[in-house]
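Structure assessment
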Amino acid sequence: MTRQPNTPGELATMTRLHVISASVRPTSHARPISGWVADQARARGGFEVTHIDLGTLALPFLDEPEYASSGVYAHQHTRDWSALVDSAEAFLFVMPMYNGGFTAPFKNAIDFLYNEWKDKAVGLVGYSGGPSGGAPATAMLLPVLTTIGMRPAARSVAIPFVNGLVGPEGFRAPEGLAGELAGVLDDVAELAAARAAEAVTA
């Protein structure tokens, strides 16, 4: 995780990556974990990183009269969310598992939009209080992401027993986790580069 952009040309071609804390609970572990993930992505280089907290966005339940695929939005909160998502070329979703699946507020945030997600690279970082590390939730989300046209990374991260890793000082990453995340970041970078190359040759 030590790669840094070295030239002005490389700086100009950095991938705009949004790291999204995909929980709205005020005490969610997604916030410190996603902060650590964002720091790791910045340290790697090659990414222009924005850290987004879904909780602070305070999106209501989907309230648009038109289908998301229309791109016609009646509400300012949707237009703001659309602009934020549209500005990224790739995403990392840091997501908890509730009762074996992903959360309703996160699905709601996805469903507000459609074209803004299309062809974007995405990596998944799941976590849970138990041994699965949220892997069932990330697996459940994959069909949703492919349906809206996203490009999921081949690898993902699962963080088990998270309650013992988060404290007043923040998130304490267990040994080996940075390496696992590095693999996901490599996948995301490759997918984003492939999309950019396709756009040039189209």
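Scroll up a little and you will see the structure.
Below: a short report on this structure. (Residues numbered from 1 in each chain as written. Predicted model: local features only at pLDDT ≥ 70, side-chain atom pairs only at ≥ 80, totals over all residues. Heavy atoms only, no water.)

So, about the nonpolar core. In terms of nonpolar packing, the biggest core is built from 30 residues, with Leu17, Val37, Leu92, Ile159 and Val188 touching the most fellow members. Contributions of two or more residues to this core are made by strand S1 (15-21), helix H2 (30-44), strand S2 (47-53), strand S3 (90-96), strand S4 (121-127), strand S6 (157-159) and helix H7 (177-201). For this core, the leading source of residues is H7, giving seven residues. Setting aside residues up to four positions removed in sequence, Ile159 forms contacts with Ile33, Val125, Gly126, Tyr127, Ser128, Gly133, Leu165, Phe171 and Leu177. In this structure, Ile110, Trp117, Leu141 and Val144 belong to the second largest nonpolar core, which totals 26 residues. (Core = buried A, V, L, I, M, F, W, Y, C linked by side-chain atoms within 4.5 Å. Buried < 20%, exposed > 50% of the residue type's maximum accessible area, 1.4 Å probe, protein only. Helix = DSSP H or I, 4+ residues; strand = E, 2+ residues; numbered from the N terminus. Contact = heavy atoms within 4.5 Å.)

What follows is about the pattern of salt bridges. Per the counting criterion, the structure on display carries nine salt bridges. Here Arg155 ties to Asp187 by a salt bridge, and the two come within 2.8 Å at their closest N and O atoms. Separated by 32 residues along the polypeptide, Arg155 in the loop between strand S5 (151-152) and S6 and Asp187 in helix H7 bring together distant segments of the chain. Overall, Arg155 belongs to the partly exposed group, its relative accessible area being 43%. Among the ionic contacts, a cluster of salt bridges with common partners joins Asp119, Arg151 and Glu198. (Salt bridge = Lys/Arg side-chain N within 4 Å of Asp/Glu carboxyl O.)

So, on to the environment of Ala104. Summarising the element assignment, Ala104 is placed in helix H5 (residues 104-111). Ala104 sits 82 residues away from Asp186 along the chain, and the two C-alpha atoms are 29 Å apart.

Below, the discussion takes up the pairing of S1. Judged by how many residues are buried, S1 sits mostly within the fold: six of seven residues are covered. Strand direction decides the pairing type here: S1 and S2, joined by seven bridges, are parallel. When the sheet's bridge partners are listed, Ser21 is paired in S2 with Asp53. Once the chain exits S1 it traverses H2 before rejoining the sheet at S2, and the crossover so formed is right-handed. (Pairing = 2+ DSSP bridges. Right-handed = clockwise from strand over helix to strand, strands pointing away.)

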